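Take a look at the letters that make up each chain.
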Amino acid sequence: MGVGKALTQKGSERMRQFPQGFLWGCATASYQIEGSPLSDGAGPSIWHRFSHTPGNVLGGDTGDVACDHYRRWRDDVVLMRELGIRAYRFSIAWPRVLPEGRGAVNENGLAFYGRLVDALLEADIIPFVTLYHWDLPGSLQDLGGWANRDVAGWFADYADVLFGRLGDRVHHWITLNEPWCVAHLGYILGQHAPGMRDLWAGLRAVHNLLLAHGRAVLAFRQRNMPEGRIGITLNFRPPHPGSQSEQDRAAARRAHAYHNRLFLDPIFTGRYPDPIVQWFKDSWPETLQSDQDVIRAPIDFLGVNYYTRNVVVHAPGTGLLHTRVIRQPGPHTAMGWEIYPEGLFELLLWIHQAYGSPVLYITENGAAFEDRPDPSGTVRDTDRLDYLRQHFVQAHRAIQEGVRLQGYFVWSLMDNFEWAHGYSKRFGIVYVDFGSQKRTIKQSGHWYCGVIARNGLEN
Ligand SMILES: CO[C@H](O)c1c[n+]2c([nH]1)[C@H](O)[C@@H](O)[C@H](O)[C@H]2CO
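Residues numbered from 1 in each chain as written. Predicted model: local features only at pLDDT ≥ 70, side-chain atom pairs only at ≥ 80, totals over all residues. Heavy atoms only, no water.

Colleague: Explain empty space enclosed by the protein to me, and be specific about the residues and the numbers.
Modeller: Scanning all chains against the criterion turns up 4 cavities of 30 Å³ or more. Taken as a whole, the largest cavity spans an internal volume of roughly 120 Å³. Every residue lining the largest cavity is counted, 14 residues in all, and those nearest its centre are Tyr31, Pro37, Ala93, Arg96 and Asp135. At the level of secondary structure, the elements contributing two or more residues to the lining of the largest cavity comprise α2 (30-33) and α5 (94-97). Across the lining of the largest cavity, the residue classes break down as 5 nonpolar, 6 polar and 3 charged. If you go around the second largest cavity, the residues you meet are Ile46, Trp47, Tyr132, Trp134, Trp146, Cys181, Val182, Tyr187, His192, Ala193 and Pro194. Broken down by element, the residue count for the lining of the second largest cavity peaks at 3 residues, all from helix α9 (residues 179-188). Within the lining of the second largest cavity, the residues separate by chemical class into 10 nonpolar, 1 polar and no charged. (1 Å grid on protein atoms, 1.4 Å probe; cavity = no way out; pocket = protein on both sides within 12 Å on 5 of 7 lines; lining within 4 Å. Points joined across faces, edges and corners; volume = space filled by probe spheres on them. Helix = DSSP H or I, 4+ residues; strand = E, 2+ residues; numbered from the N terminus. Nonpolar A, V, L, I, M, F, W, Y, C, P; charged D, E, K, R; others polar.)

Shown next as structure tokens:
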């Protein structure tokens, strides 16, 4: 599509028009919004255990209540309809469906998600289901969790239960959310559940996560659901060298290979990035060629999570990769992440050009800011509105360059449990008063509603 067609002149405004049928949505995750983690037969997840272990989460916060979505889901679907979103990305809690992670199905858990899907379809909202957004059943972690190669079969069996029970109504499936975070934060750094600090386990988790993804894709194909589409969501942080010195450029290449290519390359090329295999040397797991064939089972789309970039310098002996991130001047979010919208365009173009022009969805993009209602109860989060507008402009640029971007999910629908930060960081376009559970659409949410209605951006 030529630029001319996308920048339509409408009255005095210049519009950045998105393609017809572009899926504007919002995203959430089970442990972050649902609450009631053990209700109706659900088993404990590793995040239930991790958040209940003192010292792991700021302020001792847990997901015991969160946004109480497990009980308020009907009202939350009404809220989504008020926002006018066309699609909703949410995750299913594995321990609600299989309390032990494998074996007996908990019909109450399945029924909750079936009711939610039916309500979304009734509201003309397309469900995008993430099969795994970090809440592994605790009983599987007792067997080694993602560091145990058997997890690939356990995950594929869990996924197949859902394909069978919801596949008639859910046609967009995401196997894993950010396997990089699962392995790096959960098994190597210990900042996330299960809180391990074990490079050997973490690198095996990398491989087993990919194997689990591939096994689930193959199980999905076996189901032969022609309307169905399946993909994976990966997180990306485009790294820029802090200087043009060869050392800093090499540091940026290492960060790029570890942060952005570690999962992308095996899925799209069947090979791990050589710099990473060499960097980790004998800590790197033995991998079978037959594994690579499973891992690279073709997917229908790639989910891209983008928030910011990293400016990286060589730092001997520092961290896993002997690199350090240099804070940049200019605006940052409440997470301390630089606001760098151009990075989204750079990222989308790189994936498009380097990995065969896959269908893409931005499955997460958003920002945390210190939101609070004014005396009238209005939440004027102009900084978030501006963050989103700037990033939508970059997404539009990418589409103009031919990137097959087909949807955009803002993180997040509502303020929620931000992992080790607890409830201290608000990403929602809807404000949640966690005391009363009152939801208030923020200024950014009202603005987003207009973007969706116009399917475009006014200048
Ligand atoms: C570190 O940036 C990652 O791409 C990333 C950011 N985020 C995520 N991944 C997770 O998928 C969400 O559950 C978080 O709530 C969200 C906000 O922190």
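Next, the rest of the story.
Colleague: Outline the site of the ligand, supporting the account with residue identities and numerical values.
Modeller: Around the ligand, the surrounding shell holds 14 residues, and the nearest of these are Gln32, Glu178, Glu364, Glu418 and Trp419. Side-chain polar atom of glutamine 32 to an oxygen atom of the ligand: 2.7 Å apart, as the coordinates give it. Take glutamate 178: an N or O atom from its side chain is 2.6 Å from a nitrogen atom of the ligand. In the complex, the protein chains occlude 90% of the 420 Å² of accessible area that the ligand would expose alone. In terms of residue class, the shell around the ligand is made up of 6 nonpolar, 4 polar and 4 charged. (Near = heavy atom within 4 Å. Polar contact = N/O pair within 3.5 Å; in protein donor to acceptor, adjacent residues only side chain to side chain. Areas by Shrake-Rupley, 256 points an atom, 1.4 Å probe, with all protein chains shown as cover.)

Colleague: Outline the pairing of strand β9 (residues 301-306), listing residues and values.
Modeller: Successive residues of a regular strand alternate their side chains across the two faces of the sheet. In terms of residue burial, β9 counts as a mostly covered element, since 6 of its 6 residues are buried. As judged from the 6 bridges shared by strand β7 (residues 229-236) and β9, these two strands associate in the parallel manner. What sits directly across from isoleucine 232, in β9, is leucine 302. Judged from the 4 bridges that link them, β9 and strand β12 (residues 360-365) form a sheet pairing that is parallel. In the sheet register, asparagine 305 faces β12, and the bridge partner there is glutamate 364. (Buried < 20%, exposed > 50% of the residue type's maximum accessible area, 1.4 Å probe, protein only. Pairing = 2+ DSSP bridges.)

Colleague: Break down unusual backbone geometry for me, with residues and values.
Modeller: Here alanine 193 and proline 194 are connected by a cis peptide whose omega angle stands at 5 degrees. Within the secondary structure, proline 194 sits in the loop between α9 and α10 (199-222). Here the bond from tryptophan 411 into serine 412 is cis, since omega is 10 degrees, no more than 30 degrees from zero. Here serine 412 is to be found in the loop between β13 (405-411) and β14 (430-433). You will see that serine 36, though not glycine, has its phi angle at about 45 degrees, which is positive. Turning to its location among the elements, serine 36 is positioned in the loop between α2 and α3 (46-51). Residues other than glycine seldom take positive phi values, yet aspartate 40 does so here, at roughly 55 degrees. For aspartate 40, the position within the fold is in the loop between α2 and α3.

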